[in-house]
Structures are given as C-alpha cells and as structure tokens.
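Okay, here's what each chain looks like letter by letter:
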Amino acid sequence: MIAQVIIDIPAQQTNRTFDYAVPPELETLVAPGMRVLVPFGRGKKHQRQGFIWRLANQSSFKGQLKPLAEILDLAPVLNGEMLALAGWLAQDTFSFLISCLQTMLPNALRASYQRRFHLLTPLPADSPLTALLDDPTNGHLPDELSPLLLRTLRNAEQAGQLTIAYQVAQRTKVKHVTVFTVKISPAAAQAAQSELRANAHQQIALLNLIQAQPGFSGASAAWQAQLPELTGATLTTAVKKGWLQRSEQEQYRRPNQLPQPKAALPLTNEQQTAYQAVAAAMADRRDQVFLLEGITGSGKTEVYLAAMADALRQGKTALMLVPEIALTPQMVQRVQERFQKDVAVLHSGLSAGERFDEWRRIERGEARVVVGARSAAFAPLQNIGVMIIDEEHESSYKQDDMPRYHARDVILHRAVTHQCPVILGSATPSLESRARAQKKVYQLLRLTKRPQTAHLPTVQVLDMRDADKVAGKPSFSTVLITALQQRLDRHEQSILLLNRRGYANFVMCRDCGNVIKCPNCDISLTLHRDIQALKCHYCGHQEPIPQACPVCQSRHIRDFGAGTQRIELELQEILPTARILRMDVDTTARKGGHQRLIDKFGRQEADILLGTQMIAKGLDFPNVTLVGVINADTSLSLPDFRASEKTFQLLTQVSGRAGRADKQGQVLIQTYNPDNYAIQLASHQDYEAFYQREMHLRHAGGYPPYYYTILVSVNHRQEDLAAQKIYQLFRQVQPVLSPTAVLLGPTPRMIARINNQYYYQFIIKYKHEEKLFTTLQRLVLEMQQESGFQLRIDREPLQIS
DNA sequence: AGCACGCCGACT
DNA sequence: GTCGGCGTGCTC
C-alpha cells in the first residue's frame, strides 16, 4: 500500500503529492485526512509534516519509495467533505493544496504540539495499556508511538475509555494562579494568635479562619471572600511567619461565561415570511440562497436565530459567519442567549489552545451552532441545516493571502454538499449579490420596517465648500460643533467618524471639491510622492501633479486627508470640556483594547467617540443621539470602481448608529460633494435607489457585477524578467479568450518594487470563458518549473492595485 | 527549508 | 593542482 502525501515545503511552490510506502503494521491505521510525519529530502534526520491525500495500491514514481515515519492522528483531522473542499478550493483560487488544508485546521494542529491522553473511566485492570505505558494514569505519551500502542489507544478511545488531546507547546502559555494553603495545625494557630498584639485585627481574623477551617486553600480572592477586610499584605505576612504556604497552580482556560438564556421573540409578519421561505428550503433539502435585505434595526438577527433553531430541532447543525467577530460581541451574545452551550465561537481573539478546544467541540458534535469570522467557513460541522453570512457585503470575508478565498464562495459550495439553504444578510448588500437576486439566482427577502417604535434619525448633508467653519480648524463646520455642544449640555453621547479610506492618496481641490481623475477610467488618480506623479491603478495612466485645479484654477489643490490624532487635538481645543475617546489602530492595537474602549464608552465615561470605520460596525449605544461624519468624501475618491459602494455602505451603517432607542437621533454628514448620489442616497437610507443607480454606472464602465475580474501578477528580482514574463503569460491567455472578454495591461503594479521584487500584472474582465480557468491552472503548474518567479492569480480582487 | 551538486578564485 | 564560494535544483 502506498500513501499519496501532501507535504508542506516552505517558500517553495509545489503542488503535488509525494508517494510513500505504508509499513504493513500501519496499513490498518492509515486513512486520508490524517497528518503524518515523513522523511523528506536528503536530510535523513528531519521529518516533515504532511497530510495523507489518498491511499493507493501502486505508485507511478520510478525511484525507491521511503516509508511513512509516523502517523500523528488516530482519526483523520479532515473528513471526506473537507478534503474534497480543499481540492475544490485549490482549483478555484489557483492556490496550493497544502495551504488550503492548513487554513482549514486550527493553528494548534499546525504548530508543534504534544500529545497527551485523558482517562474518562478508570482503565480496566487487564488493559493492554498498563503494559505499554510507564504510567497509564498520568496522561503522558512517549514521543514516538509504536503501531501497537497506536492501535491500542485507538481501541480505548473508541471504547470511550480515554480521549487524546494535543497540547500546543508554543503560543499557549499555561496560566498560573497563586494559591495559599494552610500549613499549620489549629493548635499552632491558636498559639500564634496569643503572641499577637490586640490591634493586629487582620492577622487575628486570619488565624481564626485557619482554626475554623484547617484545610482551607485558595487564591487570595477566595480568602478575601471569607474575610472581606483581608489585604494581600497580610497573606504575605502569614507566608513569612510560616502559617500559610504559597504555591503556583495551573489555571484552566476560562470557560465561556454564558449569558442568561432568552426565549425567542415573536416574529413580525415580514420576519415570519422570510423565516418560512428558509424553513421550506431546509425541509426540502434545497441549496437555495436567500438574500435578506433589511435596514439596521429591522430584525435580521431574529430571522437568523429562528432558522438556526429550526435546524437544531431537525437534529441538524447551523453555521453563522460575522465579520471580524471582535466587533460584534452583541451578535455573539444573542446567539449564546438562545442556544447556550450548543454554541462554539471561533474568532481571532482566541488563543491557539482556546480555538482548538472550540474546534474539537464542533468536530465531536458537542457544539451544533458555530459563530465565527471568515475562517469559520471551514468549521467541521456535519449535517448542516442552514448557513448564514451576516453583513455579507463586508470585504473581510475575502482572505488577502493564499489561498485568496472568499468565505461566501466556500459557504455556497458547502451548501451544495450539505443540501441546505444559505442566508446572506445585509442592510447594504454587495452589488454582486443584489444583482444575483435580481436574476433570481438568489431569492430576495426584504425587511422594510423597524419593529420597535424607534424613529429613523434625521440626516443632514453639510456642504463643506461654503459652510461656516471653525476658525483655523477647517475640518469642523460650526453646525457640527454646535450639535456636539448641545449633546454635551444634555449629557448625551456622540459618535464622530473620520473616514480614513483612501487617506492622503488622492488630490483634491479645497475650493471646488474637484478630484483629479484618470481620463480613461473615470477613477481618481493616486498620488505618488516618490515619483512626483499621479497614477491610475487600473490602466497605468500617469500625469504630473497639477499646480492649479483644472476646473476652477484655484491653487488650493493638494492631497487630502487627516489623521485621527490631529482631529482629536483640534476637537479638544474647540470643545475643551468634552471627554473624547479616540478609537483607531493605535489605541486598539493591544489585545482586547477594542472591547475596553467600547465598554468605556458604553459606561458613558466619555462624551465623544472619535474613530475610523471600525466604529461603524454593529455597535449599539442607547445614549448616542448624534453621529457626525467629518469627511464623507475620502472613500469616494478611492482609485477603485467600488468607491461609491464603499462610501454608501459606510455612511448607511454609521447613520444607523444614531437614535436607536427612544431618543431622536441626528446625523450630520460633512462633505465636499453634497450632490453625489452615494452620499445623497445614504442620507435617505435608500439602498434600492443606490443599487439601481450604481448598476447603471457599473454597466457603462464594464465593471463587476457585469464582468468578472481576475488579476494575474508576476514578480521577479529582475525587472526586465518580470516584464518579459507577464507579456509571455499575457500572450498565452489572450488567444483562449472570446471577443467579449477585455484585457487590461500588462502594466507595472502601482508600487512596482516591493522587497526588491518587481511586480507586473494584467487584468482580465470576462463574462463566460470556457477555457480561461484551465488555462490559468495550467500556467500555475508550469510556473512551478521556473524558479525566481512568483505567480499570483486573484479572482475578484478587492482592490485593483 | 535543507542539502547536494556544480562550476570559478586564492591557497597548502 | 585542491579547498570552498554559494547559485541552482530536488526532495517520493
């Protein structure tokens, strides 16, 4: 028997299996999806980790096969569905199998680790493990497992006698807690007590406790629970006097504190209609995709919860993706309230060990509901009844390095396998998804009413070209400052959004708001200080930086943008009494920093929350009655055909943050483009009108969703070789395309040189191309032979740069 | 990544 | 003449 193994070879582009002989004693143990150690390369000592991809009877390899060294798993870590999914993903994203397999697994299974077992029941006296292990109770396993031991362990695991656990050697630090244990007898305590001064109250109380409970032991908090007046210093004294013993004890990972259970809310008519459509698809085992479109506060979450509850009732499981989960603790809490310990949460804030624990709970079927960020799309759930992607338009669902997958595509693919419905939910769906609903590929479900009595906020667009501005502070209109002052007087809170997207990257006229655009692409040009020029990311057009505005001849034309820090200082000068909380990458870099700031603002320890896009998402503060947008324009001028869509989404989202409770909310949007349709329609929260308008422009410009896009890029240390290669690739792709396809480029990439690597690229825009995919896959394979080059193929790149 | 193979300069 | 420089290529 031979095993085809996928091996992880760093820094090398290799996408094939290597055949290994399976030693006879392992033949009954191996299965596809297991991790193995194999000897690889001439280095006899070092073994590499790999995955068994397939088992076969013979090899086509001509040379002498090496044997598998060791198998690392008693049962496959990836089941048949996951292996097939990895194969599809590698093809679909033009990436390597090994990177797909690895992104599916929690880090703990990639890093170095140690195996231990935990006994679930006392071992029977005749257990063969007694003979095979030095001590069958301590959980310790030898570094190398003999096939006999492996087999015995697996039998014991299947008999429910023990479980095998992997402990991550690195990264997960074992937490310790200081424990104080009584060391002296009650009699000795009494003797010690008589020697103390009468006013040593704490020590006397402590000795009383020791006499009353001689076996007492615990952390200082436990002692203090018994003796509220006790301080840490007294415990230290007690240790010094020999009454207590101080020791470090391992602290187990904090079990998730579950919120109080909450019953389902009654559904509104709209919600009921939406839910029933999904439930019907689930009952019929149809892999139907639903686009649930509903403004903030319209109750999409209740529909999700109802659908997930339905899946559980049928003995199935449910998977829900949310963007960057740290940003939406409210969502996690609502799912946990409903489904309690059935929920596993997967997000980036977990340590490798915690993440692995959650993954194991899912794999074993202990957790039947999964909530997680992008990578949770690979959660090893079985028998999935429904999958949900909340805020489906979010760009964080696309991974930016290999494999460049989009979680939405993974979910849609799994839906076919599991024959289950998918709900894509958003207040501002991506144009791609909304267009598919138009074409009846997805079924559109709309929630148009806010169930609670909450009023929509009043939205006002402020024209910054002729607005009164605070002297010396051109970022603030007096209208906005007056509104902020009002909130300070009324002890209400405000949120200020500083739109940093596209910061300082484009050139705009301060007088008329004109942004320099590419003559060919209708996309704003990007400023490159290094070469003193404006460049188009899309077609490569280049022009010098103008001295005066080409529209109004004003000389106040320059790069645009402002940092949060500077804005904070300016605002503090204007409103000296305001307590301002700044939220940006600097203040949230530390783990949990984001949540700390949110909690602080929620406790009303600040009046104004000033931040970038991250404040727009999923936060709900009842006391916030004003939302101000300092500069709505910046994201509008991104060198990207999605600029309007991004701006619309951001403004709609942030506007929804005002006045969600009983108080009337106000939104003020400062802009140099007050007539722009994205800003106007966002101020009316009119997604459908925006969709119609934007689709029109996309159609005229030949952009997605009317075309699919693929970016092909090549890099090499030598510029001429990279350029040569991109033309060579270009010539190979061109002839297989139909006349409806459009090729842009080749051009050097915007930042043509990174790390002494030169990048060249071209873009393919297409509708239906039979041969394109196989051609590109062939190119990926062929490029493996050519060293020095790196080929990158990105489907539907988020930004074209 | 390792490690070997391979084809050009300063040394016993 | 050889020791060794690290560029290039392979690893079942």
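For chain A, an unreviewed UniProt entry supplies the name Replication restart protein PriA and the organism Lapidilactobacillus achengensis. Quoted verbatim from the Function (unreviewed entry) heading of the UniProt record, the comment on chain A is "Initiates the restart of stalled replication forks, which reloads the replicative helicase on sites other than the origin of replication. Recognizes and binds to abandoned replication forks and remodels them to uncover a helicase loading site. Promotes assembly of the primosome at these replication forks."

A. Expanded view of the pairing of strand 21 (residues 493-497). Burial within strand 21 is extensive, with 5 of its 5 residues counted as buried. The alternating pattern of strand 21 places Gln493, Ile495 and Leu497 and Ser494 and Leu496 on opposite faces, both of which are buried. Here 5 bridges tie strand 21 to strand 29 (residues 624-629), and the two strands are oriented parallel to one another. Each bridged residue has a counterpart across the sheet, and for Ser494 the counterpart in strand 29 is Leu626. Two elements, strand 21 and strand 28 (residues 608-611), share 4 bridges in a ladder whose sense is parallel. Across the sheet, the residue bridging to Leu496 is Leu610, located in strand 28.

B. Region of interest: the domain arrangement of chain A. The assigned domain composition of chain A is domain 1 (2-109), domain 2 (112-169), domain 3 (176-250), domain 4 (269-447), domain 5 (458-503 + 562-697) and domain 6 (708-795). Using C-alpha coordinates to define each centre, domain 1 is positioned 31 Å away from domain 4. Of the residues lining the interface, 20 residues belong to domain 1; the matching set on domain 4 comes to 20 residues. Carbon and sulfur atoms supply 73% of the area buried between domain 1 and domain 4, which totals about 1,600 Å² over both sides. Where domain 1 touches domain 4, the interface holds 1 salt bridge. Where Glu81 meets Arg414, a salt bridge forms, and the shortest distance between an N and an O atom there is 2.9 Å. Where domain 1 meets domain 4, there are 2 residue pairs in polar contact (both at pLDDT 80 or more). Mapped onto the side of domain 1 that touches domain 4, the elements with two or more residues apiece are helix 1 (80-93) and helix 2 (97-104). Tallying contributions element by element places helix 1 first for the side of domain 1 that touches domain 4, with 6 residues. Taken together, the residues of the side of domain 1 that touches domain 4 sort by class into 14 nonpolar, 5 polar and 1 charged.

C. Highlighting the sheet that holds strand 1 (residues 2-7). The 5 strands lie next to each other as 2-1-4-3-5, forming an open sheet whose pairing is antiparallel. The open sheet has two edge strands with one neighbour each: strand 2 (17-21) and strand 5 (70-71). As defined by bridge partners, strand 1 adjoins strand 4 (residues 47-56) across 6 bridges and the pair is classed as antiparallel. Residue pairing in the sheet places Gln4 in a bridge with Arg54 of strand 4. Its contacts with the sheet place helix 2 against strand 1 and strand 4, and it is angled at close to 100 degrees to strand 4.

D. Up close: the packing of helix 9 (residues 269-283) against helix 10 (residues 300-313). Packing of helix 9 against helix 10 brings their axes to within 9 Å, and their N-to-C directions diverge by 30 degrees. Comparing the axis directions of helix 9 and helix 10 gives the class roughly parallel. Handedness of the helix 9/helix 10 crossing: right-handed. Facing helix 9, whose interface residues are Gln271, Ala274, Tyr275, Val278, Ala279 and Met282, helix 10 presents Glu302, Val303, Ala306, Ala307, Asp310, Ala311 and Arg313. The residue inventory of the contact of helix 9 with helix 10, partitioned by class, reads 9 nonpolar, 1 polar and 3 charged.

E. Focus on the packing of helix 10 against helix 11 (residues 329-339). Between helix 10 and helix 11, the least distance of the axes is 11 Å, while the angle of their chain directions is 35 degrees. Viewed along their axes, helix 10 and helix 11 form a crossing whose handedness is right-handed. On helix 11, the residues that touch Thr301, Glu302, Tyr304, Leu305, Met308, Ala309 and Leu312 of helix 10 are Met331, Arg334, Val335, Arg338 and Phe339.

F. Just the environment of Asn269, in detail. Note that Asn269 resides in helix 9. Taking the C-alpha atoms as reference points, Asn269 and Leu447, separated by 178 residues in sequence, lie 9.6 Å from one another.

G. Broad picture of the pattern of salt bridges. All told, the structure shown has 30 salt bridges when counted by the stated rule. Residue Glu492 pairs with Arg487 through a salt bridge whose shortest N-O separation is 3.7 Å. By relative accessible area, which is 3% here, Arg487 ends up buried. The residue Glu605 makes a salt bridge to Arg603 at a minimum N-O spacing of 2.8 Å.

H. Main features of the nonpolar core. Ranked by size, the top nonpolar core spans 76 residues in total, and within it Leu78, Leu321, Val370, Val712, Ile764, Leu776 and Leu791 carry the most contacts. In this structure Ile764 touches Tyr708, Thr709, Ile710, Val712, Val733, Leu737, Val742, Leu743 and Leu772, once residues within four positions along its chain are discounted.

I. Spotlight on the sheet that holds strand 21. With respect to topology, 6 strands assemble into an open sheet ordered 18-30-29-21-28-27, the strand pairing being parallel. Of all strands in the sheet, those bounded by a partner on one side alone are strand 18 (458-463) and strand 27 (580-583). Sheet twist, expressed as the mean angle between neighbouring strand axes with direction ignored, is 15 degrees. Relative to strand 27, helix 16 (residues 564-574) is tilted by about 170 degrees, and along the sheet it contacts strand 21, strand 27 and strand 28. Lying over the sheet, helix 17 (residues 593-602) contacts strand 21, strand 27, strand 28 and strand 29, oriented at roughly 155 degrees with respect to strand 27.

J. Representation of the side chain of Thr652 in the model. With respect to the element layout, Thr652 can be found in helix 18 (residues 643-655). Polar contacts involving the side chain of Thr652 include one to the main-chain carbonyl oxygen of Phe648, which spans 2.6 Å. The contacts of Thr652, once residues within four sequence positions are left out, are Thr428, Ala682 and Gln685.

K. Geometry of the environment of Gln64. Along the polypeptide, Gln64 turns up in the loop between strand 4 and strand 5. For the pair Gln64 and Gln777, spaced 713 residues apart in sequence, the C-alpha separation works out to 30 Å.

Reading guide: rules and limits
Residues numbered from 1 in each chain as written. Chains lettered and ligands numbered in written order. Predicted model: local features only at pLDDT ≥ 70, side-chain atom pairs only at ≥ 80, totals over all residues. Heavy atoms only, no water. UniProt positions renumbered as here; feature names shortened; annotations may be inferred. Buried < 20%, exposed > 50% of the residue type's maximum accessible area, 1.4 Å probe, protein only. Helix = DSSP H or I, 4+ residues; strand = E, 2+ residues; numbered from the N terminus. Pairing = 2+ DSSP bridges. Domains from an automatic or database assignment. Contact = heavy atoms within 4.5 Å. Buried area = accessible area lost by both parts, 1.4 Å probe. Salt bridge = Lys/Arg side-chain N within 4 Å of Asp/Glu carboxyl O. Polar contact = N/O pair within 3.5 Å; in protein donor to acceptor, adjacent residues only side chain to side chain. Nonpolar A, V, L, I, M, F, W, Y, C, P; charged D, E, K, R; others polar. Axes fitted to C-alpha atoms, helices over the stretch in contact; angles between N-to-C directions. Parallel < 35°, antiparallel > 145°, perpendicular 65-115°, else oblique. Left-handed = near helix turned anticlockwise from the far one by under 90°. Core = buried A, V, L, I, M, F, W, Y, C linked by side-chain atoms within 4.5 Å.

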